[in-house]
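Observations on the model geometry
Each chain is listed here by its residues.
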Number of protein chains: 2
Amino acid sequence: MFNKVLIVGLGLIGGSILQGIIDNHLVGELYAVDFNKLVIKNSINDKLIQDGDDDLLMLANTGKLKDCECIIIAVPAFAIKNILAKIKTAIDNKLLPDDVIISDTASTKGNILKDAFDVFGVLPSNLVLAHPIAGAEKSGFMARDGNLFKAHKLIICPHEFNHQITVDKIATLWQALGAKVDFVSCDKHDEILALTSHLPHLLSYVLTYQLAKDDENLNIFRYTAGGFRDFSRIAASDPIMWHDIFLANKQAVLKGLDNYQTILNQLKSAIEDDNSDDLLKTFEIAKNAREHFGRLLVEKEKLKNL
Amino acid sequence: MFNKVLIVGLGLIGGSILQGIIDNHLVGELYAVDFNKLVIKNSINDKLIQDGDDDLLMLANTGKLKDCECIIIAVPAFAIKNILAKIKTAIDNKLLPDDVIISDTASTKGNILKDAFDVFGVLPSNLVLAHPIAGAEKSGFMARDGNLFKAHKLIICPHEFNHQITVDKIATLWQALGAKVDFVSCDKHDEILALTSHLPHLLSYVLTYQLAKDDENLNIFRYTAGGFRDFSRIAASDPIMWHDIFLANKQAVLKGLDNYQTILNQLKSAIEDDNSDDLLKTFEIAKNAREHFGRLLVEKEKLKNL
């Protein structure tokens, strides 16, 4: 598929991409960059990668990336701009080919386009934005799983200067990892993620904060049951990561939140006014949609176990 | 503990109380009322109960409840007033003793006090309100579990006319079923439940409705992952039951919702204004509280497995 690939960031996602590529024999030589030198050292020792470093330019300076065909950036969104700048420096110094395909895994896209434009002065035709809709309770390289993406959605967000052949190469790589590839515009992607991921995190954070604040001794949590347990699970997510996501996807999050508040206020009025019809109609539509979603989940599990 | 107990409503909760009483040999004779005649018939055949009927007054007319010491009402909140009226009729006709202890399992309390006052003209000193904080994915008599309440909270809401000895008897019964009994006023109970149970259901219904409404083909659900799955699970709950709960606990739900909206608007402003401090501080407090709650859950599981 590719002769030489560089993966930047060996966390859960980057590590799982690496493992999936190895398990499926998709690439000739693999290189990696991660701030954790031990992860790099162990990956070299275990013959998972040919070489690696905690700094992209140091690795490029060895000359080993001169014929690298593809770079996959799997670091938090806020760290991507710095990586892009180093890639540009390496290209400018002929340490990376100027047609190297650059892809990512970030959960927000509009901000990455902006970062790329800031760094390159144009939107590079070889920059293909991608986002695997997968995650796990665990994190870190040790939790990597070559099957993590199997039967999960992978959204590619082509931009106006992308060549189809470049987009197709990234799509083929992800399909080989088992992902189901869809193509969605950057704007639509950010809107979808605001609703399906960012908004639930915000709403869960707020209620958990409200309970914690209401009761200094946290006694109120002793009276919670399964519903709250599930609802609040994502409120234990990493504050720094989610702070970054809300600011990176600000416009789409605020738009989704506006709509949410409108519906919430309608239901509030329905409760105030004993408007049974409105309450029942809304709950019925939600219940049917959630059951539809539950069936999708069952199908996905079946696909994973094929 | 008691010589004769009547359970009204053999769903998951009533059935699990029945099974727990039998498993722990707590009561001499058990009687039951349920609208499902088959459940009653099978329970008699299986020697779980001495006798039963689909109508409380029909059962009382047999004379078998003349020395009944305790009635536990385990039906949906909206159906309790009708049961209380039948109990009053049976007492008035000397078919139930006038000092029979009456208890319930409803998840809202202020409305039950009002129902009791409407029916009896006073708050009966032998009416002890109780609420087991337990539930399960399943429902119905067949899903009953004598261990359902083990290590779970049971809130008793004493009112001003209760005698301590009556309250103690109900507390002892629940402790014998494995529950951890706490005493909380009706108002405080309704406030706690509004925050820990009713509000999460409302918030989850609203987001799921928003997604369903936004996308007629429900395509957007294909892009959701684990966070949304957990957050939205309770949106598949029974619309009629939750409609009843929101109206039954209207004041406390609206008060909790007001506070929620205030905090949500503060976070919205923080996102708009790039106020990193406010975002991080709120998320940190929520994360710490959720992790504290997670530890409580682990302890509870350990207790269940003792």
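Report follows, based on the coordinates. It should be emphasised that the depicted structure is a prediction, and the values quoted were computed from it without experimental measurement.

**Structural notes on the packing of aromatic side chains**
Considering all chains together, one arrives at 15 aromatic pairs over all chains under this definition. An angle of 50° between the planes, with centres 5.7 Å apart, marks the rings of Trp 242 of chain A and Phe 246 of chain A as tilted. Remark: Phe 246 of chain A and Trp 242 of chain A occur in helix H9 (residues 239-248); sequence separation between them is 4 residues, near one turn of the helix. Taking relative accessible area as the criterion, Trp 242 of chain A reaches 5% and is therefore assigned buried. Overall, the relative accessible area of 0% leaves Phe 246 of chain A in the buried class. Put simply, the rings of Tyr 205, Trp 242 and Phe 246 of chain A together with Phe 283 of chain B pair up and form one aromatic cluster. Sitting above the plane of the Phe 141 of chain A ring, Arg 144 of chain A keeps its charged end 4.2 Å from the centroid.

**Focus: the pairing of strand E8 (residues 180-183) of chain B**
Residue and element names in this part refer to chain B. Bridge count for strand E7 (residues 153-157) against E8 is 4 bridges, and the pairing is parallel. Bridged to Leu 154 within E8 is Val 181. The parallel pair E7 and E8 is bridged by helix H6 (residues 164-176), and the resulting crossover is right-handed.

**Overview of the packing of helix H10 (residues 250-272) of chain A against helix H10 (residues 250-272) of chain B**
Following both chains from N to C, one finds H10 of chain A and H10 of chain B inclined at 165°, their axes separated by 11 Å at the closest point. With respect to H10 of chain B, the axis of H10 of chain A lies roughly antiparallel. Handedness of the crossing formed by H10 of chain A with H10 of chain B: left-handed. Residues Lys 250, Val 253, Leu 254, Leu 257, Asp 258, Gln 261, Leu 264, Asn 265, Lys 268, Ile 271 and Glu 272 of chain A of H10 of chain A form the contact with H10 of chain B, whose participating residues are Lys 250, Val 253, Leu 254, Leu 257, Asp 258, Gln 261, Leu 264, Asn 265, Lys 268, Ile 271 and Glu 272 of chain B. By residue class, the composition of the contact of H10 of chain A with H10 of chain B is 10 nonpolar, 4 polar and 8 charged.

**So, the relation of the copies chain A and chain B**
Turning chain A through 180° and shifting it by 0.0 Å along the axis lays it on chain B, with an RMSD of 0.1 Å. What the superposition gives is, in effect, a two-fold axis relating one chain to the other. Among all residues of chain A, the minimum C-alpha distance to the rotation axis is found for Phe 231 of chain A, at 2.1 Å. The fraction of interface residues of chain A whose copies in chain B are also interface residues reaches 100%, indicating that both copies meet through the same surface.

**Here we look at the environment of Phe 2 of chain A**
Residue and element names in this part refer to chain A. Its place among the elements puts Phe 2 in strand E1 (residues 2-8). A relative accessible area of 5% places Phe 2 in the buried class. Residues Phe 2 and Ile 285, 283 residues apart in the sequence, show an inter-C-alpha distance of 47 Å. Setting aside its immediate chain neighbours within four residues, Phe 2 contacts Leu 26, Val 27, Gly 28, Glu 69, Cys 70, Ile 101, Lys 169 and Leu 173.

Rules used throughout
- Residues numbered from 1 in each chain as written.
- Chains lettered and ligands numbered in written order.
- Predicted model: local features only at pLDDT ≥ 70, side-chain atom pairs only at ≥ 80, totals over all residues.
- Heavy atoms only, no water.
- Phe/Tyr/Trp six-rings, centres within 6.5 Å; stacked < 30°, edge-to-face > 60°.
- Helix = DSSP H or I, 4+ residues; strand = E, 2+ residues; numbered from the N terminus.
- Buried < 20%, exposed > 50% of the residue type's maximum accessible area, 1.4 Å probe, protein only.
- Lys NZ or Arg CZ within 6 Å of the ring centre and 35° of its normal.
- Pairing = 2+ DSSP bridges.
- Right-handed = clockwise from strand over helix to strand, strands pointing away.
- Axes fitted to C-alpha atoms, helices over the stretch in contact; angles between N-to-C directions.
- Parallel < 35°, antiparallel > 145°, perpendicular 65-115°, else oblique.
- Left-handed = near helix turned anticlockwise from the far one by under 90°.
- Contact = heavy atoms within 4.5 Å.
- Nonpolar A, V, L, I, M, F, W, Y, C, P; charged D, E, K, R; others polar.
- Least-squares fit on C-alpha atoms with pLDDT ≥ 70 in both.

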